[in-house]
Protein chains: 2
Amino acid sequence: MGNGVKAEIIAVGTELLLGQISNTNAQWISEQLALHGVNVFHHSVIGDNYERLTSLFSLAQDRSDLVIVTGGLGPTDDDMTREAASEILEKPIYEDAETMRNIEAYYEKNSFTMSPNNRKQARIFEGADILVNDVGMAPGMAIQKNDTLWIFLPGVPREMKAIMQHQGFPYIQQTFPNQSPIFSRMLRFIGIGESQLEHDLKDLIAAQQNPTIAPLASNGEVAIRLTAKAESEAKAKELVQVTEQQIYERVGDYVYGYDDDSIDQSVFELLKEKQFTISAAESLTGGQFVERLVTLKGASSVCNGGVVCYAKSVKENLLEVPKLIISHYGTVSEACAVSMAVNVAEKLDSNIGISFTGVAGPDEVEGHTAGTVFIGIYIDGESPFAKRFYFNGDRDMVRTKAVKKGYELLYHHLKQKNH
Amino acid sequence: MGNGVKAEIIAVGTELLLGQISNTNAQWISEQLALHGVNVFHHSVIGDNYERLTSLFSLAQDRSDLVIVTGGLGPTDDDMTREAASEILEKPIYEDAETMRNIEAYYEKNSFTMSPNNRKQARIFEGADILVNDVGMAPGMAIQKNDTLWIFLPGVPREMKAIMQHQGFPYIQQTFPNQSPIFSRMLRFIGIGESQLEHDLKDLIAAQQNPTIAPLASNGEVAIRLTAKAESEAKAKELVQVTEQQIYERVGDYVYGYDDDSIDQSVFELLKEKQFTISAAESLTGGQFVERLVTLKGASSVCNGGVVCYAKSVKENLLEVPKLIISHYGTVSEACAVSMAVNVAEKLDSNIGISFTGVAGPDEVEGHTAGTVFIGIYIDGESPFAKRFYFNGDRDMVRTKAVKKGYELLYHHLKQKNH
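Residues numbered from 1 in each chain as written. Chains lettered and ligands numbered in written order. Predicted model: local features only at pLDDT ≥ 70, side-chain atom pairs only at ≥ 80, totals over all residues. Heavy atoms only, no water.

Draft legend 1. View of the overall build of chain A. On a plain count of helices and strands, chain A comes out with 15 helices and 17 strands. In terms of overall dimensions, chain A is more spread out than a globule: its C-alpha atoms have a radius of gyration of 28 Å, far above the 22 Å expected for 419 residues. With the C-alpha coordinates aligned to their principal axes, the bounding extent of chain A is approximately 85 × 55 × 40 Å. The buried share of chain A, reckoned over its 419 residues, is 55%. Within chain A, counting contacts between residues at least 6 apart in sequence, those at least 24 apart form 67% of the total. Approximately 18200 Å² of chain A is accessible, and the part contributed by carbon and sulfur atoms is 46%. Taking the 38 positively charged and 55 negatively charged side chains of chain A as two groups, their mean positions are separated by 4 Å. (Helix = DSSP H or I, 4+ residues; strand = E, 2+ residues; numbered from the N terminus. Rg over C-alpha atoms; globule rule 2.2 N^0.38 Å. Buried < 20%, exposed > 50% of the residue type's maximum accessible area, 1.4 Å probe, protein only. Contact = heavy atoms within 4.5 Å. Areas by Shrake-Rupley, 256 points an atom, 1.4 Å probe, with all protein chains shown as cover. Lys, Arg positive; Asp, Glu negative; His and termini not counted. Charge placed at Lys NZ, Arg CZ, Asp CG, Glu CD.)

Given below as structure tokens:
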């Protein structure tokens, strides 16, 4: 299983300790290191204070094979990080001429005026390898002390990521070859609850070892993360596939996608495959259904657009929902939802119309409590229908859950029927 | 300035070290502690490993007055956290009868079946005060060892927050009275760039002490965070106000709001104040403009709805943009944007119409490069107009920047004109 590199990540920054930002750098680096087979044992966040920095750096030098430090080296920082690291690493600091030229060139290219502070960023540890920054001006540094590799990076996420991707990870792989990579795969489900899923997979979950089986739930959706570790990525992938197959045999009907797939994307693919176009008539959801579809590249081939009929007058005049339906049943009704779905398909010349009408809250509407939502669906040549749902949560949650449910209904309908 | 409590936050969880989630708990607790005048000096993340836990806990006991531990005490955790803390705190663990009854009641109320693992969560340190969990089943604990207060919390953010708000922070305030609170205020700008703002406030920024003045930029918007520390909240607030006034005198024209205000919210307030209704015709933005407005409670009083005219046919047929305009100038044109703005106002019976047409990318449209956007505005009784913009970034960034620019145009227009 490789050498078992022990890694830790140290973030320097008062804004983190004040809670003004979250330490997303540590998350991203950890995720990437896991994929490279490197185990992370500690994250730390610390301020720009000499004593605390030296004490943490000295601890890190003792306990870790790989220490990644983000932040603390910028032009506005107090430069305690550099001084403290210099003491623990026993490496003096010098101003590197080439780095200085790069910084000057960066300022020239961007027509900024360079402040004297920016010279700081050319201050390098003796013996360090410079990790070039293609997207900003402060470079990263890699330096070895005894058996520990130290990597210093700017705190700006975009710059940190670029340096790690182009220089940092290759450097780590070269320094610590033969790590045991992990392979991770997310199975995404819709139409099955968390407890039902855990029940159906109970024995597999109880017996899990490699891969691990982690059920996750959020936003009315459940997922399972499979993570395997092996001597090679291919072997780890194989382990995941075996367990995935076992899961698929039991609850495969509910799997709509993998990893970063979304139900929106899956519906989009089905629409493309069947060469269907869709339009939406949205009241409480305010355009969110169409907005999510339009986010996807190539959306114009399946989506003509939509009508946000927030006001009753828009339902009546632009969508031409019969006044009779609204006066008899109200705007929050099955009949109104059906009419909206059919009419939006007709008016926007689409094969499919979907509609959302209901109460986002907090106040009730037409005697319906907040959370009541009707979703209507019309598909070319089939009987239009609408279903009533109740979603709990605040205004935003009700709207988001309604849109997700709309995608879910479409997904099942398009998947099951042989159009 | 109070006793200067040194706090640290320890999160236990392998999913954090694997980068599967970000340590948002530490961010939230830090932000709240800052408001309570407590300084946080360390964040740590660590896995469920006995040796590493005892070593970190022992370090925390030595260096901090307040240690907050999140996670590691759940039913599926290995329970190393409890054992390790028990050793360092020198407090044995017992199963608390009342906590056990609460857990059983929680299961009964929610009709779940309790697994034997869940009994773990009633395991309490001897001498600890129980911090009741109103929204879940695992309670928090507060316990003193020498001069250090330890607080243990569940890792689920919703439960952690509820316990801290109702029990944790009051407990901390009682244990460490007379801290120096900080007061923080965000000034939000629109229509002025970051460098211009920094230039206009150069001397103030250079001379900053208390409050600190931190310029921030994101999503095409700039903000300034003022943070003061004093012996009382009132005094800290006063210090912020003095600096705020100085800033306001120079660049107050560009301030549209404070703290959590958004430009959407500010436009919404102006529309309400002037009793205007608005509708939007959205092509590349796919409904995002209306969607953001509808998020706000009470939106129905100002927004009738909108048309997402993604396809040319929807522009022509539903919105009735003259075919002549489209054939002469194209859909990505000033003329089309003006017609869309006027027609959507007319058709949805609104005082204001706003339109977005352009190229989100990545491919070009009608010879226009990705990022080209026309925004049209019609306001009752005024000449409609459209402006051309170029936004860089990917598909999502172009769309988001266009919508924000639309709000900005409306804000300035509504603010300046005396309607």
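Here the narrative resumes.
Draft legend 2. Highlighting helix 5 (residues 97-109) of chain A. Residue and element names in this part refer to chain A. The end-to-end C-alpha distance of helix 5, which contains 13 residues, comes to 18 Å, matching closely the 18 Å that a straight helix rising 1.5 Å per residue would cover. Within helix 5, the full set of buried residues consists of Thr99, Met100, Ile103 and Tyr107. The buried residues of helix 5 occupy one face: seen down the axis, they fall within an arc of 105°. The exposed residues of helix 5 that point more than 90 degrees off its buried face are Glu98, Arg101, Glu108 and Lys109. (Expected span 1.5 Å × (residues − 1). Arc of directions from axis to C-beta.)

Draft legend 3. Representation of the domain arrangement of chain A. Residues and elements named next belong to chain A. Its domain assignment divides chain A into domain 1 (6-175), domain 2 (182-258) and domain 3 (263-416). Taking only C-alpha atoms into account, the centre of domain 2 sits 32 Å from that of domain 3. For the pairing of domain 2 and domain 3, the buried interface totals around 640 Å² over both sides, and the portion due to carbon and sulfur atoms is 58%. Our count for the contact surface shared by domain 2 and domain 3 stands at 0 salt bridges. (Domains from an automatic or database assignment. Buried area = accessible area lost by both parts, 1.4 Å probe. Salt bridge = Lys/Arg side-chain N within 4 Å of Asp/Glu carboxyl O.)

Draft legend 4. Seen up close, the interface of chain B and chain A. Counting residues at the interface gives 56 residues for chain B, matched by 56 residues for chain A. Together chain B and chain A conceal approximately 4500 Å² of surface at their shared face, both sides included; 57% is due to carbon and sulfur atoms. Taken together, the connections running from chain B to chain A amount to 2 salt bridges. Of the charged contacts in the structure, one is a salt bridge between Glu291(A) and Arg399(B), with a shortest N-O distance of 2.6 Å. On the surface where chain B and chain A come into contact, there are 23 residue pairs in polar contact (both at pLDDT 80 or more). Elements that contribute at least two residues to the side of chain B that touches chain A include exactly helix 1 (14-17), helix 2 (24-35), strand 2 (39-46), helix 3 (50-63), strand 11 (221-229), helix 11 (288-294), strand 14 (303-309) and helix 15 (395-416) of chain B. Its residues placed into classes, the side of chain B that touches chain A shows 25 nonpolar, 21 polar and 10 charged. Summarising the sheet, strand 2 (residues 39-46) of chain A and strand 2 of chain B pair through 5 bridges and their orientation is antiparallel. Each bridged residue has a counterpart across the sheet, and for Ser44(A) the counterpart in strand 2 of chain B is Ser44(B). (Polar contact = N/O pair within 3.5 Å; in protein donor to acceptor, adjacent residues only side chain to side chain. Nonpolar A, V, L, I, M, F, W, Y, C, P; charged D, E, K, R; others polar. Pairing = 2+ DSSP bridges.)

Draft legend 5. Region of the structure containing the relation of the copies chain B and chain A. Relative to chain A, chain B is turned by 180° and slid 0.0 Å along the rotation axis, the superposed coordinates differing by an RMSD of 0.1 Å. The superposition of one copy onto the other is thereby described by a two-fold rotation axis. (Least-squares fit on C-alpha atoms with pLDDT ≥ 70 in both.)

Draft legend 6. Molecular detail of helix 6 (residues 157-175) of chain A. Residues and elements named next belong to chain A. The largest bend along helix 6 measures about 55° and falls at Met164. Looking only at helix 6, the buried set comprises Glu159, Met160, Ala162, Ile163, Met164, Gly168, Phe169 and Ile172. Buried residues along helix 6 sit against helix 2 (24-35), strand 3 (66-70), strand 6 (129-131), strand 7 (140-145) and strand 8 (148-153). (Bend = angle between axes of the 7 residues up to and from the residue.)

Draft legend 7. Focus on the pattern of salt bridges. All names here are of chain A. With the rule as written, the count across this model stands at 24 salt bridges over all chains. When the shortest N-O distance is used, the salt bridge between Glu8 and Arg63 registers 2.9 Å. Remark: Arg63 occurs in helix 3 (residues 50-63) and Glu8 occurs in strand 1 (residues 6-12); sequence separation between them is 55 residues. On the accessibility criterion, Glu8 (0% relative accessible area) is buried. The exposure class assigned to Arg63 is partly exposed, which follows from its relative accessible area of 23%.

Draft legend 8. The arrangement of the sheet that holds strand 15 (residues 352-358) of chain B in detail. Strand order across the open sheet formed by 10 strands is 17(A)-16(A)-15(A)-13(A)-14(A)-14(B)-13(B)-15(B)-16(B)-17(B), with mixed pairing between neighbours. Looking along the sheet, the strands with just one partner apiece sit at the ends: strand 17 (385-390) of chain A together with strand 17 (385-390) of chain B. With direction set aside, neighbouring strand axes in the sheet form an average angle of 15°. Across the sheet, helix 14 (residues 334-347) of chain A lies against strand 13 (278-282), strand 14 (303-309), strand 15 (352-358), strand 16 (372-379) and strand 17 of chain A, angled at about 145° from strand 15 of chain A, the strand it touches most. (Axes fitted to C-alpha atoms, helices over the stretch in contact; angles between N-to-C directions.)

Draft legend 9. Inspection of the state of the cysteines at higher detail. For the coordinates displayed, the defined rule picks out 0 disulfides over all chains. Not engaged in a disulfide, the cysteine Cys336(A) finds its nearest cysteine sulfur in Cys309(A); these two sulfurs lie 7.4 Å apart. (Disulfide = S-S within 2.5 Å.)

Draft legend 10. A look at the environment of Ile224(A). Residue and element names in this part refer to chain A. Along the polypeptide, Ile224 turns up in strand 11 (residues 221-229). For Ile224, a relative accessible area of 1% puts it in the buried group. Those residues in contact with Ile224, other than ones at most four positions away along the chain, are Arg185, Met186, Leu187, Phe189, Leu197, Leu201, Ile213, Ala214, Pro215 and Ile247.

Draft legend 11. Structural context of the packing of helix 3 of chain A against helix 4 (residues 80-89) of chain A. All names here are of chain A. Interhelical geometry of helix 3 versus helix 4 gives an angle of 40° and a closest axis separation of 9 Å. In terms of their interaxial angle, helix 3 and helix 4 are classed as oblique. Taken as a pair, helix 3 and helix 4 cross one another with a handedness that is right-handed. Judged by residue contacts, Tyr50, Leu53, Thr54, Phe57, Ser58 and Gln61 of helix 3 engage Met80, Thr81, Glu83, Ala84, Ala85, Glu87, Ile88 and Leu89 from helix 4. Looking at side-chain class alone, the contact of helix 3 with helix 4 contains 8 nonpolar, 4 polar and 2 charged residues. (Parallel < 35°, antiparallel > 145°, perpendicular 65-115°, else oblique. Left-handed = near helix turned anticlockwise from the far one by under 90°.)

Draft legend 12. Expanded view of a negative patch on the surface. Residues and elements named next belong to chain A. Where like charges cluster on the molecular surface, the negative patch consists of Glu31, Asp259, Asp260 and Asp261. On the secondary structure map, Asp261 appears in the loop between strand 12 (255-258) and helix 10 (263-274). For Asp261, a relative accessible area of 31% translates into the label partly exposed. (Patch = residues over 30% accessible without salt bridge, like charges linked within 9 Å, V, L, I, M, F, W, Y side chains within 5 Å.)

Draft legend 13. Summary view of the sheet that holds strand 2 of chain A. Taken in spatial order, the 12 strands make up an open sheet running 6(A)-7(A)-8(A)-3(A)-1(A)-2(A)-2(B)-1(B)-3(B)-8(B)-7(B)-6(B), and their pairing is mixed. Only two strands of the sheet have a single neighbouring strand rather than two, namely strand 6 of chain A together with strand 6 (129-131) of chain B. For this sheet, the mean inter-axis angle between neighbouring strands, taken without regard to orientation, is 20°. Bridge count between strand 3 of chain A and strand 8 of chain A: 5 bridges; the pairing is parallel. Residue Thr70(A) lies in a different strand from strand 8 of chain A, and its bridge partner there is Leu153(A).

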